[in-house]
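Listed here are the chains, written in short residue letters.
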Amino acid sequence: MNDLTTQLHLAKGYHALAYTNDYILCFVVDYHFYAVKMDNMDVATLVAISSVSRTASKKGGVASLRFRPTNAIKRSIIEMGNVVYKTSKANFEALCKDSKYNKGEVAEQLVTWNVFGAAWNKDSVPFTDGADISHYQIKFQGATFCTERQL
């Protein structure tokens, strides 16, 4: 399978199994951190904002579908969606530097606190069983949507 075929296969499988198709997509572009609501995201949009990566192994590796938008796609997401939170890139990076959590977890914290006014707790609920907050999955650039093994 080529990467585009694999990408479409993973996106369709993920979309069919996901607890929700509502997302808050987080990324850095133009010196700012953005959190953008994308309600009812379809497979075509999922394919447009993602890419396939493979982990190496003796058995050929496992493909994963990852949120890897280009800067042009990030700007399109801002135009298409609803910006729910914005801060400077410097502020976001300072928060990441001072945190024991990774950038994706810091993004979840920011959205949970600033958009929903709720306390954030690290969890590991599978994408098939629940959302990160309310009915939204929160994804920071570079995040994995799913792997072949999960499907």
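See the structure shown above.
Residues numbered from 1 in each chain as written. Predicted model: local features only at pLDDT ≥ 70, side-chain atom pairs only at ≥ 80, totals over all residues. Heavy atoms only, no water.

*Asks:* Even after reading the chapter, I still don't get the sheet that holds strand S2 (residues 32-38), so can you show me in this structure?
*Replies:* The strands that make up a sheet pair up through hydrogen bonds in the backbone, lying either parallel or antiparallel. Taken in spatial order, the four strands line up as S5-S2-S1-S6 in an open sheet, and their pairing is mixed. Each edge of the open sheet carries a strand with a single partner, namely strand S5 (82-88) and strand S6 (137-140). Across the sheet, the axes of successive neighbouring strands diverge by a mean angle of 20°, strand direction being ignored. Relative to S6, strand S1 (residues 23-29) runs parallel, the two being bridged by four bridges. Its bridge partner lying in S6, Leu 25 is registered against Lys 139. Contacting S1, S2 and S5, helix H3 (residues 71-80) runs over the sheet at an angle of about 130° to S1. (Pairing = 2+ DSSP bridges. Helix = DSSP H or I, 4+ residues; strand = E, 2+ residues; numbered from the N terminus. Axes fitted to C-alpha atoms, helices over the stretch in contact; angles between N-to-C directions. Contact = heavy atoms within 4.5 Å.)

*Asks:* What's the story with the nonpolar core in this structure? I'm lost.
*Replies:* Soluble globular proteins: nonpolar side chains tend toward being buried together. Among the nonpolar cores identified, the biggest contains 24 residues, and Tyr 14, Leu 25, Phe 27, Ile 77 and Phe 145 are the most heavily contacted of them. If you list the elements that add at least two residues to this core, you get helix H1 (3-17), S1, S2, helix H2 (43-48), strand S4 (62-67) and strand S7 (144-147). If you tally residues by element for this core, the top one is S1, at four residues. Apart from the residues within four sequence positions on either side, Tyr 14 is in contact with Tyr 23, Leu 46, Phe 127, Gln 137, Lys 139, Phe 145, Cys 146 and Leu 151. Counting 16 residues, the second-largest nonpolar core is a separate cluster that includes Phe 92, Ala 107, Ile 133 and Phe 140. (Core = buried A, V, L, I, M, F, W, Y, C linked by side-chain atoms within 4.5 Å. Buried < 20%, exposed > 50% of the residue type's maximum accessible area, 1.4 Å probe, protein only.)

*Asks:* What is the right way to read the packing of aromatic side chains from this model?
*Replies:* Two aromatic rings are characterised by how far apart their centres lie and by the angle between their planes. Per the stated rule, a full pass over the model turns up 11 aromatic pairs. With 6.2 Å between their ring centres and 45° between their planes, Phe 116 and Tyr 136 make a pair best called tilted. One end of the pair, Phe 116, is in the loop between helix H5 (103-114) and S6; the other, Tyr 136, is in the loop between H5 and S6, and 20 residues separate them in sequence. For Phe 116, a relative accessible area of 28% gives the class partly exposed. Put simply, the rings of Tyr 14, Tyr 23, Phe 67, Phe 127 and Phe 145 pair up and form one aromatic cluster. (Phe/Tyr/Trp six-rings, centres within 6.5 Å; stacked < 30°, edge-to-face > 60°.)

*Asks:* Help me out: how do you make sense of the layout of surface pockets in this one?
*Replies:* Remark: the empty space left among the atoms is shown by a probe the size of a water molecule rolled over them. If you add up the space inside the largest pocket, you get close to 490 Å³. Forming the boundary of the largest pocket are 24 residues, of which Glu 108, Asp 132, Ile 138, Lys 139 and Thr 144 lie nearest the centre. Those elements that place two or more of their residues in the lining of the largest pocket are H5, S6 and S7. Here the lining of the largest pocket is built from residues that sort into nine nonpolar, nine polar and six charged. (1 Å grid on protein atoms, 1.4 Å probe; cavity = no way out; pocket = protein on both sides within 12 Å on 5 of 7 lines; lining within 4 Å. Points joined across faces, edges and corners; volume = space filled by probe spheres on them. Nonpolar A, V, L, I, M, F, W, Y, C, P; charged D, E, K, R; others polar.)

*Asks:* Is there a simple way to think about unusual backbone geometry in this case?
*Replies:* Keep in mind that most residues, glycine aside, have a negative phi and that most peptide bonds are trans. Positioned with a positive phi, Asn 40 is a non-glycine residue whose angle comes to about 55°. Tracing the sequence through the fold places Asn 40 in the loop between S2 and H2. Phi is positive for Ser 134, close to 55°, though the residue is something other than glycine. Judged by its relative accessible area of 52%, Ser 134 is exposed.

*Asks:* What exactly am I supposed to notice about the state of the cysteines here?
*Replies:* Note on terminology: a disulfide is the covalent bond linking the sulfur atoms of two cysteines. A complete count under the given rule lists zero disulfides for this structure. Between Cys 26, a free cysteine, and Cys 96, which holds the nearest cysteine sulfur, the sulfur-to-sulfur gap is 11 Å. (Disulfide = S-S within 2.5 Å.)

*Asks:* Even after reading the chapter, I still don't get the sheet that holds S7, so can you show me in this structure?
*Replies:* Ordered by their spatial adjacency, three strands build an open sheet running S3-S4-S7, and the pairing between neighbours is antiparallel. Since the sheet does not close on itself, it has two edges, and those belong to strand S3 (50-55) and S7, each with one partner. Across the sheet, the mean angle separating the axes of adjacent strands is 25° when strand polarity is ignored. The strands touched by H1 within the sheet are S3, S4 and S7, with S3 carrying the most contacts at an inclination of about 105°.

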